[in-house]
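Chain residues, written in single-letter form:
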Amino acid sequence: MSRAPSGASFQRKLTWTFLIVGVIPLLICLLLLLNIFRLSLVRSDRSSAESQLSALEGSLSALLSSCDGVLSDLSGQRLVADAMAQEGKSTLVYNALYNTAAPYLKEADFSLYDASGALLYTTGRGDGGKPLPVNWGLLWAARQKGNTVFRAVSPYDAPTRGAMELCRAITLEGQTVGYAVARLSEDHLTQLFTGRYTSGSNVLLLDPFWDEVYSSPAIRETSLALQLRSQLLEGRSLGAGGEEAYSLLREERSGFLLILQRPRPMAGWVSRLFSLAATMSVLLCLTLSLAAALWFSRQLFRPIRSLNDAMAAVEEGDLEVRMEVTGTDELSQLSGRFNRMTQRLGENLEDSLLQQRELSAAQVRMMQAQLNPHFLYNTLDTLKWLGKIHDAPQVSTISADLAHILRQSISGGPFVPLSQELLLLEKYVEIQKIRFPGKFTYTIRAEEDLKQALVPRLMLQPLVENAIIHGFEDGSHGTVTVSVRRAGEDMVLTVTDDGCGMSPESRKRFLSRDPAASGHHLGLYNVDAILRLHYGPDRGLRLLSHPGDRGTCIQAILPIREEEGGEAL
Amino acid sequence: MKKSMFCLLGALALLLSGCTPQEELPSLDGLSPSPEERLTVYTSHKEEVYGPIVKEFEERTGIWVEVVTGGTNELLERIHDEAGEPQCDVMFGGGAESLQLFEDCFEPYTCSDADQLKPGLRREGDPWTPFSSLPVVLIYNTRLVSSGELTGWADLLSPRWKGRIAFADPAVSGSSYTAAVTLMSCLPGDPWDILARFQEALGGNILSDSGDVTAAVDSGRCSVGITLEETALKNLAQGANIAIVYPIEGTSNLPDGTALVKGAPHPGNAKAFLEFVQSPDVQTLVVSQFARRSVRTDVADRQDLPSAGAFPVISYDVTWAAENKEDFLFRWAQSLEEVVP
């Protein structure tokens, strides 16, 4: 386990989470705002452009309609038509001209040309009396159309003449006798358009073929009309990608086109400002997210790391390690629990050590009880033969029994079949009968199918010895009964005597399970300890009170286990 | 960590820049002319010439004309290069010789009232139709040369004005080449011999631009010069100190032309344009506005000019001039080196 990567990954996850949670909503918000902002700007710009354009178109249309009216009026007057063919100028015609054109004298100049294109009468200053070509341009078109025609004044023809002309042929009995012309100069149009568009915008008036008729003063030198015309012919959108936006409106009477040029609503600096603000807020958000992620991961990671360290120490076997509990949050609770856990672990370890030590002590005591076996065998063998030689059968019997007991007690595993234990008990009882002739009788009742069940070695002999030695120490006679019976899954071993019984002090000492205090009953204590170690603390010996308050009854209840395949338990 | 941060920032920038709403541009539906209403004209004329004609053509026919301007040779080369997929409908302008050189690029077209053309201007099958005729004339400085002193081409070869003749380099100027060929054709004798004598008379004084000729004569740097009548008349109208002489041996009256491009995208409109520039109305304009001579018999030239019959006009061999141009320029450059060591 490596600590750094796990920490880093934890931190990274936290950082990413913070970033995503912080930045993405901000981005979406910014984009939405930007789009809404743009949309509203574009809309308001478009509607303002449209209203400006329609105002411009309205005024132009009104003026053209008025001029058209004057021209058709003039061409319809018999006086005028008659005067066209006459030599010399008539004040009557001038009167008619001025009267007809009176309301529009400031908005346009009105002139009358004769059939050869020579200028006869004009309300303007005139242009030096240069005749207009009859078979070219304006007059030709007026004659062809028979109605009012609208033309841009070609800059090649006469640079001073004006921007736009309206012309209507004057006919008399089917013959064209002259032409009525209304002329709008650049000044006239400037005067007409001024104040009808905002200061940043520009107006361009184009003829139906997109040639410039008029442009507002700011763009007069830019040949914008030419650019727009070539854009139109190449099929490109007007103003695509440029700094300016364009709106168009056609004046229906003349077919001329009004173009309003204005700065793009989302001009460069607004865009840049917005981008700057957006970038700043995103950066701020990034920084804050990172800082928060760092702070949180530190807050979480420090206690986790110390917990981690502490656990590593426990892993190494140090159960003394303790966490410092500083707060009340979940991590502090975790630290507290860890502390309690290690404490409990230490206690458990101590308990099991103690148990182990006790077991060892019991075994040592058992060993001490076993003398040097070879010496004893040899001696007992000698005794047996001496008894035979000297015809003392009791000596030889005791010697043979004792040798058997010794052999049984020091060879083999900790468990033996019940039958073996019972045989050993018989030998022991035989010895004791010789020692204390007539003092007790011994009976044994064991169920046959339990004979092969395993019991701890030498567990019955100390119980029987206790019954013989202590049960009849007052010199009385009695019976010692050993019974083994089945009780469900368990077998019950009972050793009963009808002797003097245990004194209450002895009973108390035994129940205290203190080896030092056991005194004369050390055998009982040992058996009890062995049973507990092998079968659990509740499987110790039980002292039962004998009926009639006489004698002692000691019982052990063991689970039935049989030897399997020669292997002990 | 850092890398992924950069990725994130990049994605962010992309988002910010990419998701901007498209502004609606004004719709051009119904404003832009359909292909049937279009015509593309390459012209080497000055704007004062093509401007009114193109405008009037548009007004009368409703056809939108797209004008591309440039030098004659530049435009002809371009038409030649575009031969596979012609962009241009009409070549408007350029001397008859130049147009003849690029015969392959053009479709001969005879206007409906070709019978009204002045005789000798166009042969049937020529790839162009004449627009205006431009006689080559001699000019002199009225202060340096007295009236009657300069009468014709022969006077130029005399040592009298050696080194004082204003003449543009024929290698550069098409009209100058026409003038040189005219000189060679008008005088008796071997043309190459006449060229050599002319070069001797020039004495190495060659102007780099045909526009400089009148200025050189007007300013007195040169006494006499060779130029087109149109140029001389324009300068005269501006008060230049010059007079015009129509050579007694005769002169060329070569037209400049209009030509229909072979495989033109809008052939109908192109033919309409060709008809239009040869119409009496335009020819009247040519006479009244441009100091040029009409190509029509029914349109009278300016009253103050000698009528076409008043001075002898030679028949200029356009084919010979076109075929021998390389040879001419080679000899020209060679003898120049001899004259100017």
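Residues numbered from 1 in each chain as written. Chains lettered and ligands numbered in written order. Predicted model: local features only at pLDDT ≥ 70, side-chain atom pairs only at ≥ 80, totals over all residues. Heavy atoms only, no water.

S.K.: What exactly am I supposed to notice about the overall build of chain A here?
M.R.: Broken down by element type, chain A carries 15 helices and 16 strands. In chain A, buried positions account for 44% of the 569 residues. Of the contacts formed within chain A by residues at least 6 apart in sequence, a portion of 63% connects residues at least 24 apart. (Helix = DSSP H or I, 4+ residues; strand = E, 2+ residues; numbered from the N terminus. Buried < 20%, exposed > 50% of the residue type's maximum accessible area, 1.4 Å probe, protein only. Contact = heavy atoms within 4.5 Å.)

S.K.: Help me understand the overall build of chain B in this model?
M.R.: Along chain B, the regular secondary structure elements total 13 helices and 9 strands. Burial analysis of chain B (341 residues in total) assigns 52% to the buried set. Restricting the contact set of chain B to residue pairs at least 6 apart, pairs at least 24 apart contribute 77%. Here chain B displays about 15000 Å² of accessible surface, and carbon together with sulfur accounts for 51% of that area. (Areas by Shrake-Rupley, 256 points an atom, 1.4 Å probe, with all protein chains shown as cover.)

S.K.: Got a minute to help me understand the sheet that holds strand β9 (residues 257-263) of chain A in this structure?
M.R.: All names here are of chain A. The sheet built from 4 strands is open, its strands ordered β7-β6-β9-β8 with antiparallel pairing. The strands lining the two open edges of the sheet, one partner per strand, are β7 (212-215) and β8 (244-250). Going across the sheet, the axis of each strand differs from the next one's by a mean of 20°, ignoring polarity. Judged from the 7 bridges that link them, β8 and β9 form a sheet pairing that is antiparallel. Bridge pairing links E244 to P263 in β9. Its contacts with the sheet put helix α6 (residues 224-233) on β6 (202-206), β7, β8 and β9, and the angle it makes with β6 is roughly 65°. (Pairing = 2+ DSSP bridges. Axes fitted to C-alpha atoms, helices over the stretch in contact; angles between N-to-C directions.)

S.K.: Any chance you could explain a negative patch on the surface here in plain terms?
M.R.: Together, D318, E320, E347, E350 and D351 of chain A make up a region of like negative charge exposed at the surface. Within the element layout of this structure, E347 of chain A appears in helix α8 (residues 330-369). (Patch = residues over 30% accessible without salt bridge, like charges linked within 9 Å, V, L, I, M, F, W, Y side chains within 5 Å. Salt bridge = Lys/Arg side-chain N within 4 Å of Asp/Glu carboxyl O. Lys, Arg positive; Asp, Glu negative; His and termini not counted. Charge placed at Lys NZ, Arg CZ, Asp CG, Glu CD.)

S.K.: Just to check I follow, could you spell out unusual backbone geometry for this structure?
M.R.: For residues besides glycine, phi is generally negative; the peptide bonds are generally trans as well. A positive phi angle, near 55°, is found at E173 of chain A, a position not held by glycine. By the secondary structure assignment, E173 of chain A is in the loop between β4 (164-172) and β5 (175-184).

S.K.: Explain empty space enclosed by the protein here, please?
M.R.: Residue and element names in this part refer to chain B. Counted by the stated rule, this structure contains 3 cavities of 30 Å³ or more. Its volume calculated, the largest cavity comes out at about 80 Å³. Every residue along the wall of the largest cavity is listed here: V136, F167, A168, S173, S175, S176, A179, S210, V213, I226, T227 and L228. Among the secondary structure elements, those contributing two or more residues to the lining of the largest cavity are α6 (174-186) and β7 (224-228). (1 Å grid on protein atoms, 1.4 Å probe; cavity = no way out; pocket = protein on both sides within 12 Å on 5 of 7 lines; lining within 4 Å. Points joined across faces, edges and corners; volume = space filled by probe spheres on them.)

S.K.: Where do I start with the nonpolar core in this structure?
M.R.: Ranked by internal contacts, the top residues of the largest apolar core, which has 78 residues, are I53 and F106 of chain B. With 7 residues, the single largest contributor to this core is α6 of chain B. Excluding residues that lie within four positions of it along the chain, I53 of chain B makes contacts with W136 of chain A together with F92, F131, F276, V277, V282, L285 and F290 of chain B. Counting residues in hydrophobic clusters, the runner-up holds 44 residues, among them V80, L112, Y121 and V203 of chain A. (Core = buried A, V, L, I, M, F, W, Y, C linked by side-chain atoms within 4.5 Å.)

S.K.: Help me understand the pairing of strand β1 (residues 38-43) of chain B in this model?
M.R.: Walk down a regular strand and you will see the side chains alternate between the two sheet faces. Residues and elements named next belong to chain B. Of all 6 residues that make up β1, 6 are buried, and the element is covered over most of its length. On β1, burial covers both faces: R38, T40 and Y42 on one face and L39, V41 and T43 on the other are all buried. By the bridge criterion, 6 bridges tie β1 to strand β2 (residues 64-69) in an arrangement that is parallel. What sits directly across from V41, in β2, is V67.

S.K.: Sorry, what's going on with the confidence of the model for chain B here?
M.R.: Residues and elements named next belong to chain B. Here chain B shows a mean pLDDT of 86. Residues at 70 or above account for 90%. Mean pLDDT across the elements of chain B bottoms out in helix α1 (residues 2-18) (60) and peaks in β1 (94). Two numbers describe this predicted complex: its pTM, 0.65, and its ipTM, 0.78. (pLDDT = per-residue confidence, 0-100.)

S.K.: It is not clear to me how the environment of S223 of chain B should be interpreted in this structure. Could you clarify?
M.R.: Residues and elements named next belong to chain B. If you trace the backbone, S223 turns up in the loop between α8 (212-219) and β7. Residues S223 and I139, spaced 84 residues apart in sequence, show a C-alpha to C-alpha distance of 8.5 Å. When neighbours within four sequence positions are excluded, S223 is seen to be in contact with I139, Y140, N141, L144, V145, W161, R164 and V217. Engagement of the side chain of S223 in a polar contact is seen with the side chain of R164, the distance being 2.8 Å. (Polar contact = N/O pair within 3.5 Å; in protein donor to acceptor, adjacent residues only side chain to side chain.)

S.K.: Would you mind going over a nonpolar patch on the surface with me for this structure?
M.R.: A surface patch of nonpolar side chains, amounting to about 470 Å² of accessible area, comprises I20, I24, I28, L32 and I36 of chain A. Note that I36 of chain A resides in helix α1 (residues 3-76).

S.K.: I keep staring at the pattern of salt bridges and nothing clicks. Help me out?
M.R.: Where charged atoms from two side chains of opposite charge come close, those side chains can pair. Residues and elements named next belong to chain B. Counting across every chain of the model gives 34 salt bridges over all chains. In this structure, the salt-bridge partner of R60 is E56, at a minimum N-O distance of 2.9 Å. A residue pair is termed a helical-turn pair when its members lie 3 or 4 positions apart in one helix, as R60 and E56 do in helix α2 (residues 47-61) at 4 residues. Here R60 ties to D281 by a salt bridge, and the two come within 2.7 Å at their closest N and O atoms.

S.K.: Would you mind going over the sheet that holds β4 of chain A with me for this structure?
M.R.: Strands pair in a sheet through their backbones, by hydrogen bonds, and they do so in one of two ways: parallel or antiparallel. All names here are of chain A. Taken together, the 5 strands give an open sheet; going across it, the order is β2-β1-β5-β4-β3, and neighbouring strands pair in antiparallel fashion. For this open sheet the edge positions go to β2 (119-122) and β3 (149-152), each flanked by a neighbour on one side alone. Between one strand axis and the next, the sheet turns by 25° as a mean value, whatever way the strands run. As defined by bridge partners, β3 adjoins β4 across 4 bridges and the pair is classed as antiparallel. Its bridge partner being in β4, F150 is matched across the sheet by L166.

S.K.: Is there a simple way to think about the packing of aromatic side chains in this case?
M.R.: The relation between two aromatic rings is expressed through the spacing of the ring centres and the mutual angle of the planes. Residues and elements named next belong to chain B. For the structure shown, the criterion picks out 19 aromatic pairs over all chains. Aromatic pair F92 and F131: ring centres 5.0 Å apart, planes at 80°, arrangement edge-to-face. Linking F92 in strand β3 (residues 90-95) with F131 in strand β5 (residues 129-141), this pair joins segments that are 39 residues apart in sequence. Accessibility classification places F92 together with F131 in one group, the buried group. Look at F167 and F198: their rings are 5.0 Å apart centre to centre, the planes differ by 85°, and that puts the pair in the edge-to-face class. (Phe/Tyr/Trp six-rings, centres within 6.5 Å; stacked < 30°, edge-to-face > 60°.)

S.K.: Please explain the environment of D538 of chain A as it appears in this structure.
M.R.: Residues and elements named next belong to chain A. Within the secondary structure, D538 sits in the loop between α15 (522-535) and β15 (542-545). For D538, a relative accessible area of 66% corresponds to the exposed category. Residues D538 and I557 lie 19 residues apart in sequence; the distance between their C-alpha atoms is 9.9 Å.

S.K.: So what exactly am I meant to see when it comes to helix α11 (residues 418-435) of chain A here?
M.R.: Turn by turn, an α-helix covers 3.6 residues, leaving residues three or four places apart pointing in a common direction. Look at α11 of chain A: 26 Å from first C-alpha to last across 18 residues, which is about the 26 Å you get at 1.5 Å a residue. Within the sequence span of α11 of chain A, burial applies to L418, E421, L422, L424, L425, Y428, V429, I431 and Q432 of chain A. (Expected span 1.5 Å × (residues − 1).)

S.K.: I keep staring at the side chain of D301 of chain B and nothing clicks. Help me out?
M.R.: Residues and elements named next belong to chain B. Positionally, D301 belongs in the loop between α11 (280-290) and α12 (318-323). A distance of 3.1 Å separates the side chain of D301 from the side chain of K118, its partner in a polar contact. Once you skip the residues sitting within four places of it in the chain, D301 turns out to touch K118, V287, R293 and S294.

S.K.: Explanation requested: helix α12 (residues 460-471) of chain A in the structure shown.
M.R.: With 12 residues, α12 of chain A extends 15 Å from end C-alpha to end C-alpha; this agrees with the ideal 16 Å at 1.5 Å per step. Three or more residues of α12 of chain A are buried, namely L460, Q461, P462, L463, V464, N466, A467, I468, H470 and G471 of chain A.

S.K.: Explain the packing of α11 of chain A against α12 of chain A to me, please; I cannot follow it from the model alone.
M.R.: Relative placement of two packed helices is described by the angle separating their axes and the distance separating the axes. Residue and element names in this part refer to chain A. As a packed pair, α11 and α12 sit with axes 9 Å apart at the nearest point and diverge in direction by 30°. The orientation of α11 with respect to α12, classified from their angle, is roughly parallel. Judged by the twist between their axes, the crossing of α11 over α12 is right-handed. Together, L418, E421, L422, L424, L425, Y428, V429 and Q432 of α11 and L460, Q461, V464, E465, I468 and I469 of α12 make up the contact between the two elements. Here the residues of the contact of α11 with α12 sort into 10 nonpolar, 2 polar and 2 charged. (Parallel < 35°, antiparallel > 145°, perpendicular 65-115°, else oblique. Left-handed = near helix turned anticlockwise from the far one by under 90°. Nonpolar A, V, L, I, M, F, W, Y, C, P; charged D, E, K, R; others polar.)

S.K.: Would you mind showing me how to read the packing of helix α10 (residues 393-410) of chain A against α11 of chain A here?
M.R.: All names here are of chain A. One way to put it is that α10 packs onto α11 with a least axis distance of 9 Å and a crossing angle of 145°. As for how α10 packs across α11, the hand of that crossing is left-handed. For the pair formed by α10 and α11, the contact residues are Q394, T397, I398, D401, L402, H404, I405 and Q408 on the first element and Q420, L423, L424, K427, Y428, E430, I431 and I434 on the second. Split by residue class, the contact of α10 with α11 holds 8 nonpolar, 5 polar and 3 charged.

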